[in-house]
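What the coordinates show
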Amino acid sequence: MSDTPDTLENITYNELHEGDSATFTRTLTEDELVLFAAVSGDVNPVHLDADFAAGSMFKERIAHGMWSGSLISAALATVMPGPGTIYLEQSLAFKRPVKLDDTLTVTLTVQTKEAKNRVAFQCVVHNQNSEEVVSGQARVIAPTQKLTLNKPRLPRITIEY
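Residues numbered from 1 in each chain as written. Predicted model: local features only at pLDDT ≥ 70, side-chain atom pairs only at ≥ 80, totals over all residues. Heavy atoms only, no water.

Section: the sheet that holds strand E5 (residues 118-126)
The cut-off we apply is this: DSSP-based pairing: two strands are paired if at least 2 bridges between them are found. Strands here are runs of E lasting at least two residues and helices are runs of H or I lasting at least four, both read from the DSSP assignment and numbered beginning at the N terminus. To obtain each axis, a line is fitted to C-alpha atoms, and for helices this fit is confined to the stretch in contact; angles are then taken between N-to-C directions over 0 to 180 degrees.
Taken in spatial order, the five strands line up as E2-E4-E5-E6-E3 in an open sheet, and their pairing is antiparallel. What marks the edges here is a single partner per strand, and that holds for strand E2 (21-27) and strand E3 (86-94). Neighbour to neighbour, the strand axes of the sheet diverge by 20 degrees on average, direction disregarded. When strand E4 (residues 103-113) meets E5, the two strands line up antiparallel, connected through eight bridges. Opposite Thr105, over in E5, you have His126 as the bridge partner.

Structure below.
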């Protein structure tokens, strides 16, 4: 698999083996938290209002649980199996809160290969302190055709308050 910053290369169904694993890492910034709220419509004050969050069980603002879930989606789409993957289902268990500036690492492990190019993955997400924050299982249709693509260029987004 190519690891250059501008290239995405998939791992086809035939190339995947039970026990194979891959990782994807991302840090939660203030901008990402606000953008996730804007895109999802989830404006729960525990995510956006520091005063409200201070009175919550977490004592500070936390990330949307589905932000962590979206990192699993990103890992499946860009790392393993990669481009051409079709997401079928996902189970998630949220174990601990994710806070601003936390760096999360998704680890995907092939559990089983099934008929019709379906693959089940164990999904575990840890923070920078090696604490498990999310676990679950994903099922996908893995690509059968080998692809190497240039990463798309995303637009620069500016947040105005």
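After that view, the rundown keeps rolling.
So, the pattern of salt bridges
What counts is decided by this rule: Here, a salt bridge means any Lys or Arg side-chain nitrogen found within 4 Å of an Asp or Glu carboxyl oxygen. Under the scheme applied here, a residue whose accessible area is under 20% of the maximum for its type counts as buried, over 50% as exposed, and between as partly exposed, the area being computed with a 1.4 Å probe on protein chains only.
Within the structure shown, the criterion is met by eight salt bridges. Across the pair Glu9 and Lys146 runs a salt bridge whose closest N-O atoms are separated by 3.4 Å. Within this pair, whereas Glu9 is found in strand E1 (residues 7-9), its partner Lys146 is found in the loop between strand E6 (132-141) and strand E7 (148-150), the two being separated by 137 residues in sequence. In this structure Glu9 comes out as buried when scored by relative accessible area, which is 17%. With a shortest N-O distance of 3.5 Å, Glu131 and Arg96 are connected by a salt bridge. Residue Glu131 is located in the loop between E5 and E6, and its partner Arg96 is located in the loop between E3 and E4; the two are separated by 35 residues in the primary sequence. On the basis of relative accessible area, Arg96 is assigned to the partly exposed category, the value being 41%. Residues joined by salt bridges that share partners form a network here, namely Glu9, Glu15 and Lys146.

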